[in-house]
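Structural description and commentary
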Amino acid sequence: MSGRLWSARLHGLLDLATMTLWGLLCLVWLPISVQAQERREREPNSVYAERRAKLATLTDSPIVLWGFTGREEISQTYIFEQEENFYYLTGHNEEGAGLIILPTGQKRDTANIPSETLFLPAKNSQKEKWNGVRMSPTDPGIEARTGFASVKSFDSDFRIAVENLAKTFPSFYTILPYQKELGGYPHEKAVVEWLQLAAPQAKLKDIRAQIGALRQVKSPGEIAFLKEAIGLTLDSHLEAMKLMHPGLYEYQVAAKMVEVHAWGGSEAEGYAPIVGAGPNSTALHYDKLSRKIEDGDIVVLDVAAQYAGYSADITRTIPANGKYTARQREIYNIVLGAQNAALAALKPGMDFCSKGDKNVHKIAYNYINSHGKDLHGKALGIYFIHGLGHHIGLNVHDSGDHCTPFQPGMVITIEPGIYIPEENLGVRIEDDVLITESGYKLLSERLPRDADAIEKIMSEGASARARGEKGQARGNISSNETSADIADIRSLIEKYAKSVDAADTTLAAEVWLDSPDVSFIHPLGHEHGFEQIKQNVYTRLMGETFSERKLSVHDVSIHVFGDAARAEFYWDFAAKFRKDGCPLTTHGRETQLYQREQGRWRLVHVHYSGMPATGERQGF
């Protein structure tokens, strides 16, 4: 390929890269409207109606509930998701709705009042231009669509209905505020304040416990949704085991798992993904995902899919390099033994309670405390610092009191763990379990828990990666080139790193094509021509700004196309600022384009993107 042809091809590639970059920036900065959506799947209307009817038998006063308004979160990434209790009773996943349920068997003046009414926002065509079509009380067939015989306007009818009921009933049930993790406190407080204005004489009583008791035992439809969420989660954990290796970042592993969930139909994660390597394995809800995974690390993977609103919750702990050390395996097997001991005791009537002789938590704790020691010879019980499990459902920590005996139809987690910060060693194994009439069913059984089985999966993944990389490299070599081209380009990448380390323009000249057409795109600018690259990148940025520079590259991928080639890799950069000696550590991803000139490969374009800094300074 001639230089002229290469130049045209190069500019075409650069134009495409520039267009793609600006397209991404436009996506970031364009106003993003908050989008509500009915879930892709839901249970039949009759199921929600049965729940409301059952709840009505448990009260002696009207139940007044709001769904979320859509204004609970101002983030541009916020996607509406209904308040759980409201959704459990209605299956309605759009904002601005209300619900009134009258108690059954009451001999009050309610003959002309519907036993239950759903209140929806009025039609707003202007808003729908931005957010899409929404249900409204005036839609034809809205009663059949929602499963309510009475559907009215939230804006004009809701307060009137409450005021009228207050003339007959001295009290109302609603969800009273409480300050607790995931409590929905601002929303609940707003509802209570509104009710106190609409019905100032009414006594307000909490309906949370009654709804929570119903939510503990799952319907067949809920179990089906949970199985879907669990299945997708198992797939993502298996994928993570196969791709895991030192040099990845925690966020890359999480990204692959999230991708698996989304492709399978998950609308969101059940909670912020937790991928904790090395010292981060000992933090229970670690979600920064910024650490580079190192050889010898243990990695806690606590990532789960949500499906149709229902969340799985599964954790595995795996070795970064595919082989547990002796100490990692020892602690892992103690945690696994504790989980197996608890599972063996699972059946209706047992509980998570901290007292009594039917407590599966005590079984797991006793196992951990009687097996193994820390580095100082102390028992390991003090390193089991959380509960053994919890209910899952519409919330990953779903309704369910720890001291309520297990019943058939409950779905819970069993998750013992040991966390030893002194050793940078945290191990948690978490599985999802359905309580049955005679015992339990392990819904996450398909995902191996045994250390040998996990190592086998990781080994097979490493072999597949090696075959794939080798096959990819061979597949991209045309008939007039050899593997020597790839070796030459790898050598140039090594020289490129050394030229940055030393801010050496002479060595850089052995790598770069000395041409005004070459270019270097980086977060601080776009350099044109080799002379400008030498001056702005090597002399000013590397030589005058930094000292003690060290550029390391890893996960290099090279693709050769005749006399053109593309190299991609991840990099880590460490240095100190000359002006004050402050350290900098940052990392990123880089794409390089190469051209063969008179039989020699030369670098003609670099495009790199920085990733979040992990040192004291925040990037360049």
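This is a predicted model, so every value here is computed, not measured.

A few words now on the pairing of strand 8 (residues 274-277). Burial along strand 8 is two-sided: the residues I274 and G276 and V275 and A277 are all buried. Bridge count between strand 8 and strand 9 (residues 298-302): 4 bridges; the pairing is antiparallel. Across the sheet, residue A277 finds its bridge partner in strand 9, namely V299.

What follows concerns the pattern of salt bridges. A full pass over the atoms with the stated rule returns 36 salt bridges. The shortest N-O distance in the salt bridge between E81 and R39 comes to 3.0 Å. Residue E81 is found in the loop between strand 1 (63-66) and helix 3 (84-90), and its partner R39 is found in the loop between helix 1 (3-29) and helix 2 (45-56); the two are separated by 42 residues along the sequence. Between R159 and E163 there is a salt bridge; the shortest N-O distance is 3.0 Å. Of this pair, R159 and E163 are both found in helix 6 (residues 154-166), 4 residues apart, which corresponds to roughly one turn of the helix. Shared partners join several salt bridges into a network, and the residues in it are E84, R215, K218 and D398.

The tally for this structure, following the rule as stated, stands at 16 aromatic pairs. These aromatic residues form a ring-pair network of at least three members: W66, F119, F154, F158 and W194. Between R51 and the ring centre of Y88, over which it is positioned, the NZ or CZ distance is 4.1 Å. Just above the ring of F148 sits the side chain of R52; from NZ or CZ to the centre is 3.7 Å.

With that out of the way, let us pick up unusual backbone geometry. Of note in this structure, A308 is not a glycine but carries a positive phi near 55°. Note on placement: A308 falls in the loop between strand 10 (305-307) and strand 11 (310-311). Despite not being glycine, E548 shows a phi value in the positive range, around 50°. Inspection of the secondary structure assignment puts E548 in strand 20 (residues 546-561). A relative accessible area of 59% places E548 in the exposed class.

A separate point is the packing of helix 9 (residues 220-243) against helix 10 (residues 250-263). Geometrically, a packed helix pair is captured by the angle between its two axes and the distance between the axes. Running from N to C, helix 9 and helix 10 point in directions that differ by 145°, and their axes come no closer than 8 Å. Seen along the crossing, helix 9 lies across helix 10 with a hand that is right-handed. Contacts from L232, T233, D235, S236, H237, E239, A240 and L243 in helix 9 reach V253, K256, M257, V260 and H261 in helix 10. In the contact of helix 9 with helix 10, the residues fall into 6 nonpolar, 4 polar and 3 charged.

Relative to the helices and strands, I113 resides in the loop between strand 2 (98-101) and strand 3 (116-120). Residue classification places I113 among the partly exposed residues on the basis of a relative accessible area of 31%. Linking I113 and S150, residues 37 residues apart in sequence, is a C-alpha distance of 9.6 Å.

The subject of this paragraph is the side chain of D431. Along the chain, D431 turns up in strand 16 (residues 431-435). One polar contact links D431 to Q339, side chain to side chain, over a distance of 2.9 Å. Within the local environment of D431, its side chain forms a polar contact with the side chain of S444, the two groups lying 2.6 Å apart. Beyond its immediate stretch of four places on either side in the chain, D431 contacts D313, R316, Q339, I412, T413, I414, L442, S444 and R449.

Before going further, it helps to spend a moment on the confidence of the model for the protein. Do not read the predicted coordinates in detail wherever pLDDT is low. Of the residues in the protein, 88% have a pLDDT of 70 or more, and the chain-wide mean is 87. Considering only residues more than four positions removed or in separate chains, one finds that residues 1-37, a stretch of pLDDT under 50, has 38 contacts. Across residues 611-620, confidence stays below pLDDT 50; counting only partners more than four residues off in sequence or on other chains, it has 30 contacts.

With that settled, consider the sheet that holds strand 8. Strands sit in the order 8-9-12 across an open sheet of 3 strands; the sheet is antiparallel. Edge positions in the open sheet fall to strand 8 and strand 12 (315-319), since each of these has one partner strand only. Adjacent strand axes in the sheet meet at a mean angle of 15° when their direction is disregarded. Together, strand 9 and strand 12 form the strand contacts of helix 9, whose direction differs from that of strand 12 by roughly 10°.

Criteria and cut-off values
- Residues numbered from 1 in each chain as written.
- Predicted model: local features only at pLDDT ≥ 70, side-chain atom pairs only at ≥ 80, totals over all residues.
- Heavy atoms only, no water.
- Buried < 20%, exposed > 50% of the residue type's maximum accessible area, 1.4 Å probe, protein only.
- Helix = DSSP H or I, 4+ residues; strand = E, 2+ residues; numbered from the N terminus.
- Pairing = 2+ DSSP bridges.
- Salt bridge = Lys/Arg side-chain N within 4 Å of Asp/Glu carboxyl O.
- Phe/Tyr/Trp six-rings, centres within 6.5 Å; stacked < 30°, edge-to-face > 60°.
- Lys NZ or Arg CZ within 6 Å of the ring centre and 35° of its normal.
- Axes fitted to C-alpha atoms, helices over the stretch in contact; angles between N-to-C directions.
- Left-handed = near helix turned anticlockwise from the far one by under 90°.
- Contact = heavy atoms within 4.5 Å.
- Nonpolar A, V, L, I, M, F, W, Y, C, P; charged D, E, K, R; others polar.
- Polar contact = N/O pair within 3.5 Å; in protein donor to acceptor, adjacent residues only side chain to side chain.
- pLDDT = per-residue confidence, 0-100.

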